[in-house]
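Inside the fold
Read off the chains here:
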Amino acid sequence: MPRPLGTELTINRNTGANWASPAWTRVRGIQDAKLNIQPAGMVKSSDRSVAVDTEIPARFKVEVEATAFWNGGAGLTALRAAFLNGTPIELAVLYGAAATGKKGVRAEWAVTQFPLEFPLGDNQKIAIKLQPHADYANEPLFYTDATSSAGTAETISTKKVGATASVSVSDGTPIGAAMDIKLGLQPGALIDSSDRDTVFDVVKPTRFKFEPEFSFLWNPSNTQLMAIYTAATTNAPIELFILDGAHATTGSWGVHSDWAINGFPVDAKLKDGQLVTVKLSPHGDGTTPPAFFTVP
């Protein structure tokens, strides 16, 4: 029989009326995907009956990791909303396109990782991680698809390129010298909420952790870069926007805060410029609190 290709593993949203009547819509933009199923624990069961150590698997731990091209489409936007709100999102991860008989894992998932990368010469990239959410209404399960109706396919959305992302100062002026930009987004903590109500380990995300960074070639005549250097050498906060588009473009999304400079390393290779990669953390003494931001 033919062996399925990697591209045939799918992540699907339920766009149907409810849990009992699913209509699966495949999330567009997914590249590599991993569905990891393993025991949540291995109970040591060795005794005198055999001369070999034995173990008994207990419960289940399932996780999904996927990379995607950020496109602002309905599926990835729904995953982003679940991450921002800390709420469950119902998905079926299947070993093929949704169809009666296809197997996989169905759950109300927590999006526990949603970092974006904006490389200067490539597409905007996301690394997504999913774990079963503790606040589920329907228990996670190993699933055999019994689709009641097909979901409406997502409209194709234009993939965003890294060069359109921006780092901007307080008045929205972009830092033109910025090269590669990364917007690290993850929960500040995950509460292990596993209990006896389900055989699957479940988690609940709390708070947020922002870890942006961007690189530039050092130029002391650039006043914007000098402001970053001053913040780095005085431990003072600096207000910046890190967005997936221009600050002047309605709908551009990202984070806004007064930031602490987490270091000002200069990589000065013999045959290259002086490359600085600045890492940022929300500043504890800032007057602009860290927040997600959408250009109105």
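Read on for an overview of the structure.

What counts and what doesn't
Residues numbered from 1 in each chain as written. Predicted model: local features only at pLDDT ≥ 70, side-chain atom pairs only at ≥ 80, totals over all residues. Heavy atoms only, no water. Helix = DSSP H or I, 4+ residues; strand = E, 2+ residues; numbered from the N terminus. Salt bridge = Lys/Arg side-chain N within 4 Å of Asp/Glu carboxyl O. Buried < 20%, exposed > 50% of the residue type's maximum accessible area, 1.4 Å probe, protein only. Expected span 1.5 Å × (residues − 1). Arc of directions from axis to C-beta. Core = buried A, V, L, I, M, F, W, Y, C linked by side-chain atoms within 4.5 Å. Contact = heavy atoms within 4.5 Å. Polar contact = N/O pair within 3.5 Å; in protein donor to acceptor, adjacent residues only side chain to side chain. Lys, Arg positive; Asp, Glu negative; His and termini not counted.

On to the environment of Thr100. If you trace the backbone, Thr100 turns up in the loop between β7 (89-94) and β8 (103-113). Along the primary structure Thr100 and Ala146 are separated by 46 residues, whereas in three dimensions their C-alpha atoms are 4.9 Å apart.

Tallied over the full model, the rule gives nine salt bridges. Lys129 serves as the salt-bridge partner of Glu63, at 3.8 Å between the closest nitrogen and oxygen. Here Glu63 is found in strand β6 (residues 61-69), whereas its partner Lys129 is found in strand β10 (residues 125-132), with 66 residues between them in sequence. Using a relative accessible area of 12% as the deciding quantity, one classes Glu63 as buried. Close ionic contact of Asp135 with Lys204 constitutes a salt bridge, the shortest N to O distance being 2.9 Å. Placement of the pair is Asp135 in the loop between β10 and β11 (141-144) and Lys204 in strand β15 (residues 203-206), with a sequence separation of 69 residues.

Attention now moves to helix α1 (residues 74-85). Side chains of residues three or four places apart in an α-helix project in the same direction, reflecting 3.6 residues per turn. A rise of 1.5 Å per residue sets the reference length of α1, with its 12 residues, at 16 Å; its end C-alpha atoms lie 16 Å apart and thus fit the reference within 8%. Those residues of α1 not exposed but buried are Gly75, Leu76, Leu79, Arg80, Ala82 and Phe83. Looking down the long axis of α1, one finds its buried residues gathered within 160 degrees of arc, a one-sided arrangement. Once α1 ends, the next one or two residues include Gly86, with phi positive near 70 degrees.

With that settled, the discussion passes to the nonpolar core. Judged by nonpolar contacts, the single largest core of 49 residues is most densely connected at Leu79 and Trp109. With sequence-adjacent residues up to four places away left out, Trp109 is seen in contact with Val62, Val64, Thr87, Pro88, Ile89, Leu91, Val93, Leu130, Gln131, Pro132 and His133.

Quick look at helix α2 (residues 223-234) now. For α2, built from 12 residues, the straight-helix expectation of 16 Å at 1.5 Å per residue is met to within 8% by its first-to-last C-alpha distance of 16 Å. With a side-chain oxygen lying 2.9 Å from the backbone nitrogen of Gln224, the N-terminal cap of α2 falls on Asn222. Remark: Asn235 follows α2 within two positions and exhibits a positive phi of approximately 60 degrees.

If you trace the backbone, Glu154 turns up in the loop between β11 and β12 (166-168). No salt bridge is formed by the buried Glu154; the nearest opposite charge belongs to Arg13, separated by 4.2 Å. A polar atom in the side chain of Glu154 sits 3.0 Å from the backbone nitrogen of Gly75. The residues contacting Glu154, other than those within four sequence positions of it, are Arg13, Thr25, Arg26, Val27, Arg28, Gly73, Ala74 and Gly75.

Let us look at unusual backbone geometry. The phi torsion at Arg207 lies on the positive side, around 55 degrees, for a residue other than glycine. Within the secondary structure, Arg207 sits in the loop between β15 and β16 (209-217).

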